[in-house]
Amino acid sequence: MADFIQDLIDKGYLKQPDQQQGGFTIAAKMEIALRQKALEDVFGNIKKAKQGNHSTKAEGRGDELTAELRPYEFGDQLDKLAVSESLRNAQINHGIEEFKLTHEDLEVHETFYQSQTSTVLMIDISHSMILYGEDRITPAKRVAMALSEFITTRYPKDTLAIIVFGDDAWQLEIKDLPLSQVGLTIPIPSPDLNWPWIC
């Protein structure tokens, strides 16, 4: 067992015991590995499809091209430039002999706007999660870790907040998910958190 623990420390999964706390703590590498394993176990059967990114029916800046073209406006991305149509416009407007490409000749592909979402994940850590000897907290943690890994890696511009609740409720950091358990006590509130509606 000592060799196994030392191997985990050498590979960066565990941190050396703290003299004040007196126990091993998991490293960031272990947190990521746990979330990735949970994602693979829970959402492993997600089939590959066309790019997601929360596309909407509204037009605007995004990655998914539509069939519509419009005149170029300052600030438009150059990779959305409709090259063939822009060159055709230049030929029509200026002729072959004095061919030139001006701002008025340019056209760009219209794209679908991509929205960002905010997700709040709530986990019950009351004693009902282990009532009658049933372990409900472990599957809840696995799904939470899988979902947090899915959102943070697939949709990095989205925001995710994790709330745990029992007798009280408070925000939990993603890195603390593997350590959450039934009967946790409320931590000292961080000054940068502002969640008055859960107090």
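Everything below is about the structure printed above this text.
What counts as what
- Residues numbered from 1 in each chain as written.
- Predicted model: local features only at pLDDT ≥ 70, side-chain atom pairs only at ≥ 80, totals over all residues.
- Heavy atoms only, no water.
- Helix = DSSP H or I, 4+ residues; strand = E, 2+ residues; numbered from the N terminus.
- Buried < 20%, exposed > 50% of the residue type's maximum accessible area, 1.4 Å probe, protein only.
- Contact = heavy atoms within 4.5 Å.
- Phe/Tyr/Trp six-rings, centres within 6.5 Å; stacked < 30°, edge-to-face > 60°.
- Lys NZ or Arg CZ within 6 Å of the ring centre and 35° of its normal.
- Pairing = 2+ DSSP bridges.
- Right-handed = clockwise from strand over helix to strand, strands pointing away.
- Core = buried A, V, L, I, M, F, W, Y, C linked by side-chain atoms within 4.5 Å.

Novice: Run through the overall build of the protein, naming residues and quoting values.
Specialist: The secondary structure content of the protein amounts to four helices and eight strands. Helices and strands in the protein line up, N terminus first, as α-β-β-α-β-β-α-β-β-α-β-β. By the burial criterion, 30% of the 199 residues in the protein qualify as buried. Relative to all contacts within the protein whose residues are 6 or more apart in sequence, the contacts with residues 24 or more apart total 63%.

Novice: So what's going on with the packing of aromatic side chains? Residues and values would help.
Specialist: One pass over the full model with this rule turns up one aromatic pair. Here Phe150 and Tyr155 contribute two aromatic rings whose centre-to-centre distance is 5.9 Å and whose plane-to-plane angle is 70 degrees, an arrangement assigned as edge-to-face. A residue is classified by how much of its surface remains accessible, and Tyr155, at 19% relative accessible area, is buried. Note that Lys29 overlies the ring of Tyr13, its terminal NZ or CZ placed 4.9 Å from the centroid.

Novice: Break down the pairing of strand S7 (residues 159-165) for me, with residues and values.
Specialist: Each regular strand displays side chains that alternate between the two surfaces of the sheet. Along S7, five of the seven residues are buried, which leaves the element largely enclosed by surrounding structure. Examined bridge by bridge, strand S6 (residues 118-124) and S7 share seven bridges and lie parallel to one another. Of the residues in S7, the one forming a bridge with Thr119 is Leu160. The parallel pair S6 and S7 is bridged by helix H4 (residues 137-154), and the resulting crossover is right-handed. Inspection of the sheet shows S7 paired to strand S8 (residues 169-172) by four bridges, in the antiparallel sense. Following the sheet pairing, Phe165 is matched in S8 by Ala169. Hairpin connection, S7 to S8: the antiparallel pair is bridged by three residues.

Novice: Let's hear about the nonpolar core: which residues, and what values?
Specialist: Counting residues in hydrophobic clusters, the biggest one holds 18 residues, and the most contacted among them are Ile123, Ile125, Ile137, Ile162, Val164, Leu172 and Leu177. Elements represented by at least two residues in this core include exactly helix H2 (28-43), S6, H4, S7 and S8. It is H4 that contributes the most residues to this core, five residues altogether. If we ignore the near neighbours within four places in the chain, the residues touching Leu177 are Ile123, Lys141, Ala144, Met145, Ser148, Ile162 and Leu172. By size, the runner-up hydrophobic cluster in this structure holds five residues, among which are Ile9, Leu14, Ile26 and Met30.

Interpretation in functional terms is not warranted from these geometric data alone.
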